[in-house]
Amino acid sequence: MNGKTGNSACGEACNESENILVHCLTISIEKFYTNVNPPRGDTKNTMQMNHSEDTKKEIIHRLQIARGHLEKVISMVEKDVYCIDIVHQSIAVQAALKKADEVVLENHLKTCVSDSIKRGESDEAIKEVMEVLQKK
Ligand SMILES: [Cu+2]
């Protein structure tokens, strides 16, 4: 499962040094955040991420924790570790991702949503937040 070149489950090319599951998770996270906050110029949403350096560091820190736990899950599966211990580690991945989402969403409410309300565009901002929460 490690070090394979070529297309992986996420549909993106993987290089040799990457663990394929970590690669796909990273791509999925990038796609998720790109969909939530498309780059400026996208017709779907003209808002752009507005993270302070501290918020950005916090989000990246949480995602790195998730990646660490995911790498551990993969290694545990490879080493035939006891099933329940694998699930505990997998739950830790999901908790770290959930925490990252909370930081992103809280920041979004404080910045993008607050700005939208000030511009009189609260309906669209609220609709967007509700749509992403319904996916959770
Ligand atoms: Cu935002």
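The structure displayed is predicted, hence computed values, not measured ones. (Residues numbered from 1 in each chain as written. Predicted model: local features only at pLDDT ≥ 70, side-chain atom pairs only at ≥ 80, totals over all residues.)

1. Structural notes on the overall build of the chain
For clarity, the cut-off: Counting from the N terminus, the helices are DSSP H or I runs at least four residues long and the strands are E runs at least two residues long. Think of it as a crowd count around each C-beta: if 20 or more other C-beta atoms lie within 10 Å the residue is buried, if 12 or fewer it is exposed, and in between it is partly exposed, with C-beta placed from the backbone throughout. This entry defines residue contacts through backbone-placed C-beta atoms, with two residues in contact when those atoms are within 7 Å.
On a plain count of helices and strands, the chain comes out with four helices and two strands. Ordering the α and β elements of the chain from the N terminus gives β-β-α-α-α-α. For the chain, the residues scored as buried account for 13% of the 136 residues in total. Of the contacts made within the chain by residues no fewer than 6 positions apart, 39% connect residues no fewer than 24 positions apart.

2. Describing the nonpolar core
The cut-off we apply is this: The nonpolar core criterion groups buried Ala, Val, Leu, Ile, Met, Phe, Trp, Tyr and Cys residues into a set whenever they are joined through C-beta atoms within 7 Å.
Ranked by size, the top nonpolar core spans nine residues in total: Ile59, Leu63, Ala66, Leu70, Val73, Ala96, Leu97, Ala100 and Val104. Taken together, the elements giving at least two residues each to this core come down to helix 2 (53-78) and helix 3 (83-118). In terms of residues, this core owes the most to one element, helix 2, which gives five residues. The contacts of Ala100, once residues within four sequence positions are left out, are Ile59, Arg62, Leu63 and Ala66.

3. A look at the packing of helix 3 against helix 4 (residues 122-135)
Rule in force here: Axis geometry follows a simple rule: fit a line to the C-alpha atoms, using only the stretch in contact for helices, then measure angles between N-to-C directions, giving values from 0 to 180 degrees. In this scheme, roughly parallel covers angles under 35 degrees and roughly antiparallel covers those over 145, while 65 to 115 is roughly perpendicular and the rest are oblique.
Axis separation between helix 3 and helix 4 bottoms out at 8 Å; the angle between their running directions is 150°. The orientation of helix 3 with respect to helix 4, classified from their angle, is roughly antiparallel. Taking contact as the criterion, the partners of Cys112, Val113, Ser116 and Ile117 in helix 3 are, on helix 4, Ser122, Glu124, Ala125 and Val129.

4. Some points on the environment of Val87
Checked against the element boundaries, Val87 lands in helix 3. Judged by the 12 C-beta atoms lying within 10 Å of it, Val87 is exposed. Along the backbone, Val87 and Val73 are 14 residues apart, and their C-alpha atoms lie at a distance of 8.1 Å.

5. A short note on the packing of helix 2 against helix 3
To be explicit about the condition: Crossing handedness: left-handed means the near helix sits turned counterclockwise from the far one by under a right angle, and right-handed means the same turn made clockwise. Under the scheme applied here, ten amino acids are nonpolar (Ala, Val, Leu, Ile, Met, Phe, Trp, Tyr, Cys and Pro), four are charged (Asp, Glu, Lys and Arg), and all others, including Gly, are polar.
The interhelical angle for the contact between helix 2 and helix 3, taken along N-to-C directions, is 165°, at an axis separation of 8 Å. Regarding the angle of helix 2 to helix 3, the classification is roughly antiparallel. Where helix 2 crosses over helix 3, the handedness of that crossing is left-handed. By residue class, the composition of the contact of helix 2 with helix 3 is 16 nonpolar, five polar and five charged.

6. Describing helix 3
Two residues of an α-helix separated by three or four positions point the same way, owing to the 3.6 residues in each turn. Put simply, the test is: Expected helix span is computed as 1.5 Å times (number of residues minus one). Take the seven residues that end at a residue and the seven that start at it, fit an axis to each, and the angle between those axes is the bend at that residue.
With 36 residues, helix 3 should reach 52 Å at 1.5 Å per residue; the first-to-last C-alpha distance of 51 Å fits that figure. At His108, helix 3 shows its largest bend, some 40°. Listed as buried for helix 3 are Ala96, Leu97, Ala100, Val104, Asn107, His108 and Val113. Turning to helix 3, the residues buried within the fold contact helix 2 and helix 4. Positive backbone phi, at 80°, marks Gly120, one or two positions downstream of helix 3.

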